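Examination of the molecular architecture
Listed below, chain by chain, are the residues.
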Amino acid sequence: MDKTDINLLEQLLYKIDKEEVLSQLKNIDNSLLLHYFAANYNWNNGFDVPSVIVENEACDLGTGLLMFHNADGYRLLENSDEVSSSSLVEWKDFLSKVYNKITKLEFKTQNISFDPELSKIQKYKLKKNNPNVSDILISKSPGEVIDVPKI
């Protein structure tokens with residue numbers, strides 16, 4: 001990643017105008033930049049930005065998994081009823097959207113690896129409570145392991 005990419009990410013991460021950030025993210029065609037942005041995103045800023053990233057054609061499966069787990073997707077796997085009864089509508093909608101896109105393998109690329117780093121016990125408990133939990137949601141994904149810079 002060169003200085004230009006880092007400057008772009010810094011601008012996007014710390015810009016005040018959310019609409020401009022959303023517009024620029026829609027036009028990024030570099031899956032690594034989207035991944036770096038998603039890994040550095042402040043989730044206190046809502047789900048508009050992560051939704052735009054997930055809907056971007058260049059978004060990789062690894063980035064989708066990263067966002068699913070960073071948005072506390074583990075709770076969905078643990079107890080989907082708890083999530084569906086939550087009053088946090090944006091959160092539920094985002095988790096549902098990214099969950100469906102992951103499980104239906106709608107991401108065009110699988111070049112970036114993501115590991116949710118779940119223990120064998122966590123995986124066992126998830127599978128015991130719900131044998132239909134897809135391995136893709138709880139195991140290391142295919143692709144290259146990359147170091148994400150903190151921006």
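Our subject is the structure listed above.
Residues numbered from 1 in each chain as written. Predicted model: local features only at pLDDT ≥ 70, side-chain atom pairs only at ≥ 80, totals over all residues. Heavy atoms only, no water.

To continue, consider unusual backbone geometry. Positive phi, close to 70 degrees, is recorded for Asp72, a residue that is not glycine. Structurally, the position occupied by Asp72 is in the loop between α5 (61-70) and α6 (73-78). Here Asp72 falls in the partly exposed class, since its relative accessible area comes to 30%. Here Leu105, not a glycine, exhibits a phi torsion of approximately 50 degrees, which is positive. Take Leu105: it is sitting in the loop between α8 (89-103) and α9 (120-129). (Helix = DSSP H or I, 4+ residues; strand = E, 2+ residues; numbered from the N terminus. Buried < 20%, exposed > 50% of the residue type's maximum accessible area, 1.4 Å probe, protein only.)

Mapping Ser134 onto the fold places it in the loop between α9 and α10 (135-138). Residue class for Ser134 comes out partly exposed when judged on its relative accessible area of 24%. Residues Ser134 and Asn42 lie 92 residues apart in sequence; the distance between their C-alpha atoms is 27 Å.

Once that is clear, we can look at the pattern of salt bridges. Counted according to the given criterion, the structure contains 6 salt bridges. For Lys18, the salt bridge goes to Asp48, with nearest N and O atoms at 3.1 Å. In this pair, Lys18 sits in helix α2 (residues 18-27) while Asp48 sits in helix α4 (residues 48-55), placing the two residues 30 residues apart along the sequence. A relative accessible area of 31% means that Lys18 is categorised as partly exposed. Judged by its relative accessible area of 36%, Asp48 falls in the partly exposed class. Measuring nitrogen to oxygen at the nearest pair gives 3.3 Å for the salt bridge that ties Arg75 to Asp72. (Salt bridge = Lys/Arg side-chain N within 4 Å of Asp/Glu carboxyl O.)

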